[in-house]
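Commentary on secondary and tertiary structure
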Amino acid sequence: MVVAKVFKFEKQFDGFPQETDLKLVEEQLPEIKDGEFLAEAVYLSVDPYMRAYAPRLPLGETYVGGQVAKVTESKNPKFPVGKYVVAHFGWRTHTISDGKRTPGWTIPMVLPDFGGLPASLALGVLGMPGNTAYFGVTDILQPQQGHTVAVTGAAGAVGSLVGQICKIKGCKVIGIAGSDEKGKWLVDELGFDSFINYKSDDVGKALKEAAPQGVDRYFDNVGGEISSTIINQHMKNFGRVAVCGCISGYNEKEPPKATPIQKGVLRHQLRMQGLHSTRWEDKWMEGILQNKKWIEEGRLKYRETVTEGFENMFKAFTDMLRGGNFGKAIVKV
Ligand SMILES: NC(=O)C1=CN([C@@H]2O[C@H](COP(=O)(O)OP(=O)(O)OC[C@H]3O[C@@H](n4cnc5c(N)ncnc54)[C@H](OP(=O)(O)O)[C@@H]3O)[C@@H](O)[C@H]2O)C=CC1
Ligand SMILES: CCCCC/C=C/C=O
């Protein structure tokens, strides 16, 4: 009999998540039936959307999330024993799946050949965050050679890749994130042109110095007043803004207030578009293969912040929300 450890959503978050909002329980799993397989989690993802979607998640359910798991028993030929799958099984160590889509989320997928790269990358640069960056840049932001690009959340899973992909496209890239150590990594190792620490710098003033002629493209991971400042005061005419996330407000009890942006959008005739990574599901492998190729060519670097132990899922999640991660935050079971 297999016993799964599972984090259940016990209490709706009220502001910043508290450990007692989730409950770690044990579940005895039945034998698998025809068409099913049993998978054991190896790496689990912690992502900001887990906080953003919380108000829509039913209490009592397994907490949401993606994982890389190893198939240990199978009565489904599409998911043979020994293969690794990336799937939206939630925060749990063992899962019985029929290989079908978790409603509202992605369909389980046997990991493609990563050519020796770690399987954990299926949760980062070779998975959802990597494709958010790849398609967010190529389809939505559409930067041109010579453009100046600003990206917030710049040292995170998505932002660190967005900046590098824009460098590959021949742009000047300004990263905005929450510590000088992150800035040093972005500039010295990832090739960003400059960095602004939104916690210690005056973002408006620093951006004026970094981009005196203005910003052609803005990839917005954070929303709030930083984005209002960039959109109202720094965009060039006909610039584009890709709205990917607004983490600055996810933990607020009341809807956050920020300076309205309509004036900036109108004055500079901006094109502003939201994006969900899921919209590119039908060409998912294009992004994964391109990011993999850039890694192999040494043009795209990735970093993971790894927390050890399934029991530490909640800590990894809240560390990430507080900015403790460089690149992708994951948990190794
Ligand atoms: N639309 C889509 O399909 C997707 C959207 N997203 C969104 O993209 C954004 C980045 O996600 P992801 O790369 O996975 O996460 P990250 O790896 O960037 O981790 C989150 C980061 O957010 C930063 N942060 C936390 N609080 C604030 C704040 N108040 N103001 C500014 N920054 C803050 C922290 O970095 P720091 O030290 O810099 O503060 C932290 O490291 C999120 O908003 C997320 O919701 C992500 C994936 C898909
Ligand atoms: C399968 C996960 C989809 C995540 C979309 C992200 C939204 C914001 O964070």
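Here is a short report on the structure shown in this document. (Residues numbered from 1 in each chain as written. Chains lettered and ligands numbered in written order. Predicted model: local features only at pLDDT ≥ 70, side-chain atom pairs only at ≥ 80, totals over all residues. Heavy atoms only, no water.)

**Examining the packing of aromatic side chains**
Remark: the centre distance and the inter-plane angle together describe each pair of aromatic rings, the angle taken between the planes. Definition in use: Paired rings are identified among Phe, Tyr and Trp, the last through its six-membered ring, by centres lying within 6.5 Å, and are further divided according to the angle between planes into stacked (under 30 degrees), edge-to-face (over 60) and tilted (the rest). Numbering of helices and strands runs from the N terminus; a helix is a DSSP stretch of H or I covering at least four residues, while a strand is a stretch of E covering at least two. When accessible area is computed with a 1.4 Å probe and restricted to protein chains, residues below 20% of their type maximum are described as buried, those above 50% as exposed, and intermediate ones as partly exposed.
Taken as a whole, this structure holds 18 aromatic pairs when the rule is applied. Both rings, one in phenylalanine 13 and one in tyrosine 63, keep their centres 6.0 Å apart while their planes meet at 65°; by these two values the pair is edge-to-face. Residue phenylalanine 13 is located in the loop between strand E1 (2-9) and strand E2 (22-29), and its partner tyrosine 63 is located in the loop between helix H1 (49-52) and strand E4 (67-74); the two are separated by 50 residues in the primary sequence. For tyrosine 63, a relative accessible area of 1% puts it in the buried group. Ring centres of tyrosine 134 and tryptophan 294 lie 6.0 Å apart, and the angle between their planes is 55°; on these two criteria the pair is classed as tilted. Taken together, the positions of tyrosine 134 in helix H2 (residues 128-141) and tryptophan 294 in helix H8 (residues 284-296) put the pair 160 residues apart, joining distant regions of the chain. Comparing tyrosine 134 with tryptophan 294 shows no difference in burial state: the two are buried.

**Describing the pattern of salt bridges**
We apply this condition: Any Lys or Arg side-chain nitrogen found within 4 Å of a carboxyl oxygen on Asp or Glu counts as a salt bridge.
A complete count under the given rule lists 15 salt bridges for this structure. Among the salt bridges present, the one from aspartate 14 reaches lysine 253, with a minimum N-O distance of 3.5 Å. Pair noted here: aspartate 14 is in the loop between E1 and E2 and lysine 253 is in the loop between strand E12 (235-243) and helix H7 (262-267), with a separation of 239 residues, a long-range link. Residue aspartate 14 is classed as partly exposed on the basis of its relative accessible area, which comes to 49%. With its nearest N and O atoms 3.0 Å apart, the salt bridge here joins lysine 293 to glutamate 297. Classification of glutamate 297 by relative accessible area gives partly exposed; the value is 39%. Through salt bridges with shared partners, a single network forms among Lys8, Glu27 and Arg92.

**Side note on the nonpolar core**
We apply this condition: Nine residue types can take part in a nonpolar core, namely buried Ala, Val, Leu, Ile, Met, Phe, Trp, Tyr and Cys, and a core is a set of them joined through side-chain atoms within 4.5 Å. Start and end positions for the domains come from either an automated domain assignment or a database one. In what follows, residue pairs with any heavy atoms lying within 4.5 Å of each other are defined as contacts.
One finds Phe114, Leu126, Val162, Cys166, Leu186 and Phe219 to be the most contacted residues of the largest nonpolar core, which totals 47 residues. At the level of secondary structure, the elements contributing two or more residues to this core comprise H2, strand E8 (148-152), helix H3 (157-168), strand E9 (172-177), helix H4 (180-189) and H8. There are two domains that each give this core at least three residues, and those are domain 1 (2-123 + 303-332) and domain 2 (128-277). Residue contacts for phenylalanine 219: discarding those within four places in its chain leaves Thr132, Gly136, Val137, Leu141, Ala150, Val151, Thr152, Val158, Val162, Ala242, Cys244 and Leu275.

Distances and angles like these do not, on their own, reveal function.
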